[in-house]
Amino acid sequence: MTQKSSAAGGRRNSAVLITGAGGEVGHGLIRALHDSGRRDIVALDIRKLDREIRSLCMETFVGDICDAALLGRLLATFEITEMFHLAALLSTRAEFTPETAHDVNVGGTLSLLQLAAEQSRSHGRRVRFILPSSIAAYGIADLETKAAAGKVLEDDHLMPTTMYGCNKLYVEHLGRYYASHYRQLAQDRIDNILEFRGVRFPGLISADTVPSGGTSDFAPEMIHAAAQDEPYACFVRPDTRIPFMTMPDAIQALLQLANAPEDALSRHVYNLQSFNPSAGELAKIVQGAFPNAEITFEPDLQRQAIVDSWPADVDDSAARRDWGFAPEHDLDTAFSEYLVPRIRARYTEA
Ligand code: SER
């Protein structure tokens, strides 16, 4: 634990807690929260955070979200008003160790929801719990159904085939349960003890980081390989289509949802997406931007089956209507204004 500031005279400092702070989303979110003036960021990750991220936080912890003693310390030390629970094992990694994924993705989330409920009870203000869920919550039976499904709504095709997808779909329900029904038969229950808000992210593409352990990783891997003049063998077929968005738009969406007035929200979990090129269309754009790019297609049948079970497009109209979701980047500007200049600079500097 770093000790940059501690609770004075037994009073607990108010804090926003970010789990999985060292991941791709965590990096961007912590920078954005700090830029917006937040000085109450408490970050938790299984690995030590890099120096730059540590310098933006009030305190940082290295540890496991499944560690009850650690969560107890957080409860005792801070008045947590908001949580962004980002820690998770993604869809590809989770298939190698499904039970561990369940422990982290479900067990860890349950512990944090309980921590949020206890925090709300102890300081009398409802903790706002923000969860990135995923397109992996969907499961479409076959390619014919996928083609016919069009823009999939939040409540359709929820038959995930991955442990990660099952975990995310279930923790969406857990969040709704804690927000609306927690301890519904207990005499001393507190109504609506916490606020729960979630988004189903599509594949995310960052100029600054490359993901690990996901199945939508073919897009960011292709782009980063091209920028480094490295050949890339894409693990899905060229006709594979799922939605994506850029990392800055994903961070912005999390902040917008977190700050939305409660009475504007008509649901607990919202679809998001910005653009949905096929892997083949993406390869052409990448080759246009990086003419030396060498991209081949060598589908991995198992990972292909996972991506085939995810929608080609999702209906994000609820997010647009309720809290003004409006991603800045479409496919063209994602490349021309964000990815290409930043990735070029990144690998030229390196
Ligand atoms: N990017 C995630 C994954 O591939 C999907 O949300 O697992």
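Described in the following lines is the structure provided in the data block. (Residues numbered from 1 in each chain as written. Predicted model: local features only at pLDDT ≥ 70, side-chain atom pairs only at ≥ 80, totals over all residues. Heavy atoms only, no water.)

1. Quick notes on the site of the ligand
Item 1. Around the ligand, a shell composed of Leu90, Ser91, Ser134, Tyr164, Gly214, Thr215, Ser216 and Trp310 is seen.
Item 2. The side chain of Ser91 places a nitrogen or oxygen atom 2.5 Å from an oxygen atom of the ligand.
Item 3. For the ligand, an oxygen atom lies 2.6 Å from a polar atom in the backbone of Thr215.
Item 4. Its free accessible area being 230 Å², the ligand has 92% of it covered by the protein chains. (Near = heavy atom within 4 Å. Polar contact = N/O pair within 3.5 Å; in protein donor to acceptor, adjacent residues only side chain to side chain. Areas by Shrake-Rupley, 256 points an atom, 1.4 Å probe, with all protein chains shown as cover.)

2. What to know about the packing of aromatic side chains
Item 1. The final tally for this structure, using the stated rule, is 9 aromatic pairs.
Item 2. Taken together, a centroid distance of 5.9 Å and an interplanar angle of 50° make the contact between Trp323 and Phe325 tilted. No difference in accessibility class separates Trp323 from Phe325, as the two residues are buried.
Item 3. An aromatic cluster of at least three residues, connected via ring pairs, comprises Tyr177, Tyr178 and Tyr182.
Item 4. The ring of Tyr138 carries the charged tip of Arg200 above its face, separated from the ring centre by 4.9 Å.
Item 5. The ring of Phe235 carries the charged tip of Arg303 above its face, separated from the ring centre by 3.7 Å. (Phe/Tyr/Trp six-rings, centres within 6.5 Å; stacked < 30°, edge-to-face > 60°. Buried < 20%, exposed > 50% of the residue type's maximum accessible area, 1.4 Å probe, protein only. Lys NZ or Arg CZ within 6 Å of the ring centre and 35° of its normal.)

3. Observations concerning the pattern of salt bridges
Item 1. One pass over the full model with this rule turns up 19 salt bridges.
Item 2. Of the charged contacts, one joins Arg183 and Asp188 as a salt bridge, the two residues approaching to 3.2 Å between their closest N and O atoms.
Item 3. Judged by relative accessible area, Asp188 falls into the partly exposed class, the value being 44%.
Item 4. Put simply, Asp239 and Arg237 hold a salt bridge, and the shortest N to O gap is 2.8 Å.
Item 5. Asp239 gets classed as partly exposed once you look at its relative accessible area, which sits at 49%. (Salt bridge = Lys/Arg side-chain N within 4 Å of Asp/Glu carboxyl O.)

4. Re the pairing of strand β1 (residues 13–19)
On a regular strand, one side chain projects to one face of the sheet and the next to the other, so that they alternate.
Item 1. Counting buried residues in β1 gives 5 out of 7 residues, a clear majority hidden from the surface.
Item 2. With 7 bridges connecting them, β1 and strand β4 (residues 78–85) associate as parallel partners. Bridge pairing links Ser14 to Glu79 in β4.
Item 3. Sheet analysis places β1 next to strand β2 (residues 41–45), joined by 4 bridges and oriented parallel. Paired with Val16 across the two strands is Ile41, which belongs to β2.
Item 4. Crossover handedness for the path β1 to helix α1 (residues 24–35) to β2: right-handed. (Helix = DSSP H or I, 4+ residues; strand = E, 2+ residues; numbered from the N terminus. Pairing = 2+ DSSP bridges. Right-handed = clockwise from strand over helix to strand, strands pointing away.)

5. Side note on the state of the cysteines
Item 1. Summed over the entire model, instances satisfying the criterion amount to 0 disulfides.
Item 2. Between Cys166, a cysteine without a disulfide, and Cys66, which holds the nearest cysteine sulfur, the sulfur-to-sulfur distance is 18 Å. (Disulfide = S-S within 2.5 Å.)

6. Notes on the nonpolar core
Item 1. Counting residues in hydrophobic clusters, the biggest one holds 113 residues, and the most contacted among them are Phe84, Phe218, Val286 and Trp323.
Item 2. Leaving out residues up to four positions away in the same chain, Phe84 has contacts with Val16, Leu17, Ile18, Thr19, Leu29, Leu33, Ile130, Leu254, Leu255 and Ala258. (Core = buried A, V, L, I, M, F, W, Y, C linked by side-chain atoms within 4.5 Å. Contact = heavy atoms within 4.5 Å.)

7. Quick look at the sheet that holds strand β7 (residues 194–201)
Item 1. Read from one edge to the other, the open sheet built from 7 strands follows the order β3-β2-β1-β4-β5-β7-β11, with strand pairing classed as parallel. Each having just a single partner strand, β3 (59–62) and β11 (269–271) make up the two edges of the open sheet. For this sheet, the mean inter-axis angle between neighbouring strands, taken without regard to orientation, is 20°.
Item 2. Together, β1, β2, β3 and β4 form the strand contacts of helix α3 (residues 68–77), whose direction differs from that of β4 by roughly 130°.
Item 3. Relative to β4, helix α5 (residues 98–123) is tilted by about 145°, and along the sheet it contacts β1, β4, β5 (127–134) and β7. (Axes fitted to C-alpha atoms, helices over the stretch in contact; angles between N-to-C directions.)

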